[in-house]
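Examination of the molecular architecture
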Amino acid sequence: MADIKEFIKKVELFAEFNEEELSLISAKMKIESFDKDSILFSENNPHKDLFIIYDGEVELFKRTPFGQEKRLSFFSKYDFLGEGSLIDDSPHSTTAKALLNSKIILIDRLVLTDLLNKNGAMAVKLYSTISRVISRRMKRTNINAVNIGDLYESGRTRKEHDLLGDRNVPHERYYGVQTLRALENFNISGQSINTFPNIVSALGIVKMAATKANYDLGLLSKPVADAIIEACNEIINGKLHTNFVVDMIQGGAGTSTNMNANEVIANRALELLGREKGDYKYCHPNNHVNLSQSTNDAYPTSVKLAIIKSNESLIDVLKDLIESFRKKGKEFAHIIKMGRTQLQDAVPMTLGQSFEAYAVTLEEEIQRLNTNVKLFLEVNMGATAIGTGINAPKDYSKKCVEYLCEITGYEVVLASNLVEATQDTGAFVIYSSAIKRLAVKLSKISNDLRLLSSGPRCGLNEINLPPMQPGSSIMPGKVNPVIPEVVNQIAFKVIGNDLTVTLGAEAGQLELNVMEPVIVQSIFESIAMLRNGMMTLKYKCIDGITANEEHCLALVKNSIGLITALNPVIGYEASTQIAKEALENNRGVYELVLEKGLLTEEELDKLLAPENMVGNI
C-alpha cells in the first residue's frame, strides 16, 4: 500500500490529507488492471467504487437513444471518476471505458463512506474538495448537454420512497420516485411522453373523469378531489407537460407513463392544497390519483382519446393538401399531356385530370380514417388489472365513462366485456393500417411527381417543382425533388411502424398485451410524421408547381399513343399503319395523319381539345 499512498498524494481529492489520513484511506484501496476497451462502469448502473487512474487512459461517454456513443471527456494519470457517488445515491449517468491497457485504483464506495463516518476531519476535507471539483466541472459543462435544464436546478431535493427504497427527487420536478426510476431505465427512443402533447392532455382527462367518479361515490374528500381536478385541468390546458418525461417505449405495459401522470398530478394537487411536493399523506399518487384504476385501463383509455384527437388534426392537414391538388387540377384543366401505363405511352389526357385524381384518392382516406378511429371510442375504464374490476366500486365504470363523454365531447362507450377489452389491441391494428394506406398513396403520388418533373432536359419535364435547395455538392445547377423524396421516406417509416404495431398486437399474452407502449409510440410517430410531411408537401411543393404546357402538347403530338384517340375516327386499319410507320421512321402520329390527309389540322386539334380528352367521366 506504500505505492498507493505515495501516488494519491498527487491526486487532488486527497491534497488536504495528512500522513495518517493518507495511510488510513490507502489501506482500503486496491489496484486493478483493465484491458483496452473494457468498461469500468456503465450509465444507469449503481455507483460501487471511486476510480483513480494509476496508469493508462479512460474515456467518458454517454449513449444516445439510438445506441451511438457521445464522447464527453478523457481522463489520464492522477485523474479520478465516480466521486459524485459519495454525495448522491443516483446511478451513473455516463459510461467509462479504458482507451489503453490501464491500471486503476479502486476503493469501495460503502467502505469509504464507513471510513469517513468514523473520521469526521477526513470527511470534511474530502467533501469540501469534491464540492469544489463538481462546481468547477459544472461551470465547464457543454451547453449542448443532453438536458440543458438540469444545469440550472437549484440542487434542492426531496426524499421519496417506493418498493425498492429511498431516492432523492429534484425539488422543482412534479414527478416522483417511480418516474425517476423510469427515466434511468428507459433511455430508448429519445421521445418522451411530452413529445406528443395529446397523450399528456388525455392522461389529464382520464384522471379527471376518474376523480369525479370517485368523488361521486364518496371515495374522495372534496378538497382532495377539487385539487386533483384542478391539476388535471391545468394539464389538459397545456401546463406541466415538461414534467411528463418517461420514454414512450418502456417495459411494464405503460405503468411508468401512468405513474408519471399520477405523481405529477398528486404533487401539483399538494401545492394547490398548500402542502409541499412529496407530502403524499395528503394526496397520494396511488391512493388518490390512481384510485379505482390500473395502468391497464387508464393508460389505453388515455391513448385512445389522444389518437382520436390526433386524428382530427391529421385530417385537417389532409384536407388542406387535397384542396391544393384540387386547385392544381383546375389550373391545369386545359393542358393536354400523354397518359402512361407501365411507364409506356398510353392515351392523351389533361394534366388537370392527373391532379384531380390525386385529390380524389386522398379524399377517400378521410372516410377510412374517421371510420377506423371510431373503434377507439370503446374503453375499458373500471376493468382495473385484467378486466375483472377488482378494487373498482360498483357504478364506477358507468360514472367514469359519463364524465369522459362530458369532458371530451366524444361518444365514449364502455366495452361490453372488460376482460376481452383489456387484452385486445385490434383497434390499434386497423387504425395503423389506415394511416399506412394513406402513406402508401402519398408515396405513390410523390413517385409520380418525381417522374413528371424529371429532367429538365432528359426526362419527362411535364411539370416544374418549386426549387427548394441546390441538389449537388459536385454538379452545378442541379436541383432535386427533395420534398417528394422526404415524403417517400416518411411513407417507408409509416409502413415499418405498421409492421411494428402488427407484431406488437400479436405478441399479447393471456389477459394483457404488454407491448402497448411500442404500439402507441409507432402510431403517434406515424401520425406526427404524416402530418408534418403533408404540410411540407402542400406548402413547399404542390402549391408552387407549374406546368410546361407546350412541352406536354409536343409529347402528345409525337407520341404513338395518340393513335388510340384517333382510332374511332380513322379506323383500326389506318391507325395500325400510321402507328407502324411512326415507329419505323421515328415520325410523329400527328404529322403523319396530316401528311396522309386522313384528317385536317382543325379536325385533329378538335379531337385533342381538353374537353374531348375527359371521356365519359
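Described in the following lines is the structure provided in the data block. (Residues numbered from 1 in each chain as written. Predicted model: local features only at pLDDT ≥ 70, side-chain atom pairs only at ≥ 80, totals over all residues. Heavy atoms only, no water.)

1. Focus: the overall build of the protein chain
Counting secondary structure elements, the protein chain contains 22 helices and 16 strands. For the protein chain, the C-alpha radius of gyration of 34 Å lies well beyond 25 Å, the compact-globule estimate for 617 residues. Of all 617 residues assigned to the protein chain, the portion counted as buried reaches 48%. Long-range pairs, those at least 24 residues apart, make up 73% of the contacts in the protein chain between residues at least 6 apart in sequence. Of the roughly 29600 Å² of accessible surface on the protein chain, 52% is carried by carbon and sulfur atoms. Within the protein chain, the 77 negative side-chain charges are centred at a point lying 4 Å from the centre of the 66 positive side-chain charges. (Helix = DSSP H or I, 4+ residues; strand = E, 2+ residues; numbered from the N terminus. Rg over C-alpha atoms; globule rule 2.2 N^0.38 Å. Buried < 20%, exposed > 50% of the residue type's maximum accessible area, 1.4 Å probe, protein only. Contact = heavy atoms within 4.5 Å. Areas by Shrake-Rupley, 256 points an atom, 1.4 Å probe, with all protein chains shown as cover. Lys, Arg positive; Asp, Glu negative; His and termini not counted. Charge placed at Lys NZ, Arg CZ, Asp CG, Glu CD.)

2. Description of the pattern of salt bridges
All chains considered together, the criterion is met by 35 salt bridges. Put simply, arginine 167 and glutamate 184 hold a salt bridge, and the shortest N to O gap is 2.7 Å. Taken together, the positions of arginine 167 in strand β10 (residues 165–170) and glutamate 184 in helix α5 (residues 177–185) put the pair 17 residues apart, joining distant regions of the chain. Like glutamate 184, arginine 167 is buried. If you follow the salt bridges from partner to partner, you end up with Lys5, Glu6, Lys9 and Glu19 in one network. (Salt bridge = Lys/Arg side-chain N within 4 Å of Asp/Glu carboxyl O.)

3. Here's the deal with the side chain of serine 526
With respect to the helices, strands and loops of the structure, serine 526 is situated in helix α16 (residues 516–540). At 3.0 Å, the side chain of serine 526 forms a polar contact with the side chain of asparagine 497. Contacts of serine 526, omitting those with residues within four sequence positions, involve Ile435, Val494 and Asn497. (Polar contact = N/O pair within 3.5 Å; in protein donor to acceptor, adjacent residues only side chain to side chain.)

4. Considerations on the environment of valine 482
Residue placement: valine 482 occurs in helix α15 (residues 482–506). Residues contacting valine 482, with those up to four places away along its chain left out, are Met468 and Gln469.

5. Re the sheet that holds strand β3 (residues 49–55)
Paired through backbone hydrogen bonds, the strands of a sheet run either parallel or antiparallel to each other. Strand order in the open sheet made by the four strands is β1-β8-β3-β6, with antiparallel pairing throughout. The open sheet has two free edges, formed respectively by β1 (30–34) and β6 (80–81), since each of these has just one partner strand. This element, helix α3 (residues 109–118), spans β3 and β8 (102–108) of the sheet and lies at about 50° to β8. (Pairing = 2+ DSSP bridges. Axes fitted to C-alpha atoms, helices over the stretch in contact; angles between N-to-C directions.)

6. As for the packing of aromatic side chains
Enumeration according to the criterion identifies 11 aromatic pairs in this entry. When the ring of phenylalanine 7 is compared with that of tyrosine 54, the centres are 4.6 Å apart and the planes differ by 35°; the resulting orientation is tilted. Here phenylalanine 7, found in helix α1 (residues 2–8), pairs with tyrosine 54, found in strand β3; they are 47 residues apart in sequence, far enough to count as distant. The class for phenylalanine 7 is buried, based on a relative accessible area of 7%. Summarising the aromatic geometry, the rings of phenylalanine 355 and tyrosine 358 are spaced 5.7 Å apart at their centres and angled 75° between planes, so their arrangement reads as edge-to-face. With phenylalanine 355 and tyrosine 358 both in helix α11 (residues 351–373), this residue pair falls three residues apart, about one helical turn. (Phe/Tyr/Trp six-rings, centres within 6.5 Å; stacked < 30°, edge-to-face > 60°.)

7. A closer look at helix α8 (residues 255–272)
For α8, built from 18 residues, the straight-helix expectation of 26 Å at 1.5 Å per residue is met to within 8% by its first-to-last C-alpha distance of 25 Å. Most of α8 is tucked away: 15 of the 18 residues are buried. Positioned one or two residues after α8, glycine 274 has a phi angle of 80°, which is positive. (Expected span 1.5 Å × (residues − 1).)

8. Observations concerning the packing of α5 against α8
At a minimum axis distance of 8 Å, the contact between α5 and α8 shows a crossing angle of 140°. The angle between α5 and α8 places the two elements in the oblique class. Like other packed secondary-structure pairs, α5 and α8 cross with a definite hand, here left-handed. Residues Val177, Gln178, Thr179 and Ala182 of α5 lie in contact with α8, whose contacting residues are Ser256, Met259, Asn260 and Glu263. Grouping the amino acids of the contact of α5 with α8 by side-chain chemistry returns three nonpolar, four polar and one charged. (Parallel < 35°, antiparallel > 145°, perpendicular 65-115°, else oblique. Left-handed = near helix turned anticlockwise from the far one by under 90°. Nonpolar A, V, L, I, M, F, W, Y, C, P; charged D, E, K, R; others polar.)

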